[in-house]
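Here's the letter readout for the chains.
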Amino acid sequence: MPDKVLTYAGEDIVVQYNISRCIHAGECVHGLRKVFNPDAKPWINPDEASADAVAEVIHHCPSGALTYQRKDGGKEETAQSENVATITTNGPIYVRGDLRILSADDEETARLTRAALCRCGASSNKPFCDNSHIEDGFTEPGELSEGGRPPGEDDDTTGLLTIKAARNGSLIFTGPFRIVSASGDERRIIKTSLCRCGHSSKKPFCDRTHKTIGFEA
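All chains use their own residue numbering, which begins from 1 and follows the written sequence. At least 70 in pLDDT is required for a residue's local features to be given in this predicted model, at least 80 for side-chain atom pairs to be given and counted, and no such filter applies to totals for whole chains, interfaces and linings, which use all residues. Only hydrogens and water are removed before side-chain values are computed, so all heavy atoms of the structure are retained for them.

**Q** Please clarify how the pattern of salt bridges should be interpreted in this entry.
**A** Where charged atoms from two side chains of opposite charge approach closely, those side chains can pair. In the sections that follow, a salt bridge refers to a side-chain nitrogen of Lys or Arg positioned within 4 Å of a carboxyl oxygen of Asp or Glu. Under the criterion given, the structure shown has 13 salt bridges. We note a salt bridge from E108 to R100, for which the minimum N-O separation is 2.6 Å. E140 is the salt-bridge partner of R119, the closest N and O atoms lying 2.7 Å from each other. On the criterion of sequence distance, the pair formed by R119 in the loop between strand 6 (108-117) and helix 3 (132-136) and E140 in the loop between helix 3 and strand 7 (160-165) is long-range, its members being 21 residues apart. Pair check on accessibility: R119 and E140 agree, each one buried. Helix numbering and strand numbering both begin at the N terminus, where a helix is a DSSP run of H or I of at least 4 residues and a strand a DSSP run of E of at least 2. Accessible area is worked out with a 1.4 Å probe on protein chains only. A residue is then buried under 20% of its type maximum, exposed over 50%, and partly exposed in between.

**Q** Got a minute to help me understand the environment of D72 in this structure?
**A** Tracing the chain through its elements places D72 in the loop between strand 3 (66-70) and strand 4 (84-87). Spatially, the C-alpha atom of D72 lies 34 Å from that of I93, the residues being 21 residues apart in sequence. Contact between two residues is taken to exist if any of their heavy atoms lie within 4.5 Å; hydrogens are not considered. Setting aside anything within four residues of it in sequence, one finds D72 in contact with D12 and A51. Pairs of N or O atoms are called polar contacts if they sit within 3.5 Å, as long as, within protein, a hydrogen donor faces a hydrogen acceptor (for residues adjacent in sequence, only side-chain-to-side-chain pairs). Engagement of the side chain of D72 in a polar contact is seen with the backbone nitrogen of G74, the distance being 2.9 Å.

**Q** Can you walk me through the pairing of strand 7 in this structure?
**A** Residues in a regular strand project their side chains so that they alternate between the two faces of the sheet. Should DSSP find at least two bridges between two strands, the strands are taken to pair. Here five bridges tie strand 5 (residues 93-102) to strand 7, and the two strands are oriented parallel to one another. Directly across from R100, in strand 7, lies its bridge partner T162. For strand 7 and strand 8 (residues 171-180), the ladder comprises four bridges, and the chain directions are antiparallel. Considered in strand 8, the bridge of A165 is made with L171.

**Q** Got a minute to help me understand the pairing of strand 1 (residues 5-9) in this structure?
**A** Relative to strand 2 (residues 13-18), strand 1 is paired through five bridges, and the arrangement is antiparallel. Across the sheet, T7 pairs through a bridge with Q16, a residue of strand 2. Counting the residues that bridge the hairpin from strand 1 to strand 2 gives three residues.

Here is the structure:
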């Protein structure tokens, strides 16, 4: 699905809204409703709050559907200091950090700081989540099976994290990152393959079930 980005320009900040990446997590509406009001037209009015306040709320958007550019000389968004992948209950993988998304042909398709990645196998916007897990009835507690090791105090989880959507296969994470379960269990990993077909018996890790079920993506 091609990106469809709408722009809402304020006096001090410009907000971009990528419709195809939005999964309606609601962080923006709950965080600053006077700016992000789904009952208003336009639904985003950046001048209803300070540029700093708008930027802070956008940082909480887990899918990366909301981004911004400062017009007042304020600090632009940069990747957080460490790469973290959080497995949600019955839902996507939320990833934050210095992210490079690759196609199956190793072409860079996006450089991001925040993303929600499909793990139910049903999204029409793979590798990104589009909330198909809800309609598809995907249920999975979001816990970690075997893989990686507990993070240590001196572990470096900074730097570039490359995520490749393998053809008809898994999401291949290459680079240091911390993976966190829905209940808070943590592991530190350098390279791994995470399931995106929705059927692995080792979720969130891949067990190559995608081959036996004929997963296509």
